[in-house]
Amino acid sequence: LNSNNNLPNTSRILLLRGNSYDEFGRYKEATDDFLKALNGYISSRDTLGIISTYNGLGTVKRKLNDTIQSLVYFKKALDYSNQLGNLETIINSYTNVGVGYRNLDSFDIALKYYQTALDLAHQNRLYHLEMRINLNMANIYGDLGDFQSALKSYYLSLQVCKQVGEEYGMLLNYKNIAFTYNTIK
């Protein structure tokens, strides 16, 4: 596995294993694998691998409540996404940065990142990405006490989830819609 000829394959395996560790809550092992994968992807100049690894690191740090470091990783992923030029990757990276700012309670900044992602997704008819963005925006509106905007965004997200058959997304939206109506009585 340490041979340079196998570096891209090794990095992929480490990234996948890091994602698995993350899912099981084994964040130290996930971080170790992500950092090893990142070194491999950087040395082989695999931009998509670098982006995926930075997003993995950002997610782990978010789960560990290290919000500043999480945001640093998400912003690095966004920088590489812009270099790569892949629209879906760019949109997902803007959304992740928005998540980072939401975790810092910087709601206005988070909404700007979400809005950029939403505009790009809508302009390019990437409706399957809009559902996640609208759900994230709705959560912020709820945090801000703007329940009408929250409901509007949840319903927009729900509509797309229904169109594409995203059952988990429907579940999240129904749960959040019910919670919002409960909150506003």
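Residues numbered from 1 in each chain as written. Predicted model: local features only at pLDDT ≥ 70, side-chain atom pairs only at ≥ 80, totals over all residues. Heavy atoms only, no water.

**Thoughts on the overall build of the protein**
- Helix and strand counts for the protein come out as 9 helices and 0 strands.
- In the protein, the succession of α and β elements from N to C terminus is α-α-α-α-α-α-α-α-α.
- Computed over C-alpha atoms, the radius of gyration of the protein comes to 18 Å, within 12% of the 16 Å expected from 2.2 N^0.38 for 185 residues, which places it in the range of a compact globule.
- In terms of principal-axis extent, the alpha carbons of the protein reach across some 60 × 35 × 30 Å. (Helix = DSSP H or I, 4+ residues; strand = E, 2+ residues; numbered from the N terminus. Rg over C-alpha atoms; globule rule 2.2 N^0.38 Å.)

**Overview of the packing of aromatic side chains**
- Tallied over the entire structure, the rule returns 4 aromatic pairs.
- Taken together, the aromatic side chains of Tyr54, Tyr73 and Tyr80 make up a single cluster linked through ring pairs. (Phe/Tyr/Trp six-rings, centres within 6.5 Å; stacked < 30°, edge-to-face > 60°.)

**Considerations on the packing of helix H6 (residues 107-123) against helix H7 (residues 127-143)**
- At a minimum axis distance of 9 Å, the contact between H6 and H7 shows a crossing angle of 160 degrees. In terms of orientation, H6 and H7 fall into the roughly antiparallel class. Where H6 crosses over H7, the two elements pack in a sense that is left-handed. Contacts from Phe107, Ala110, Leu111, Tyr114, Gln115, Ala117, Leu118, Ala121 and His122 in H6 reach Tyr127, Leu129, Glu130, Ile133, Asn134, Asn136, Met137, Ile140, Tyr141 and Asp143 in H7. (Axes fitted to C-alpha atoms, helices over the stretch in contact; angles between N-to-C directions. Parallel < 35°, antiparallel > 145°, perpendicular 65-115°, else oblique. Left-handed = near helix turned anticlockwise from the far one by under 90°. Contact = heavy atoms within 4.5 Å.)

**Observations regarding the nonpolar core**
- Ile91, Tyr114, Ile133 and Met137 are the most contacted members of the largest nonpolar core, which has 33 residues in total.
- The element best represented in this core is H7, accounting for 8 residues.
- Ignoring any residue separated from it by four or fewer positions in sequence, one finds Tyr114 in contact with Thr95, Gly98, Val99, Arg102, Ile133, Asn136, Met137 and Ile140. (Core = buried A, V, L, I, M, F, W, Y, C linked by side-chain atoms within 4.5 Å. Buried < 20%, exposed > 50% of the residue type's maximum accessible area, 1.4 Å probe, protein only.)

In short, shape yes, function no, at least from these values alone.
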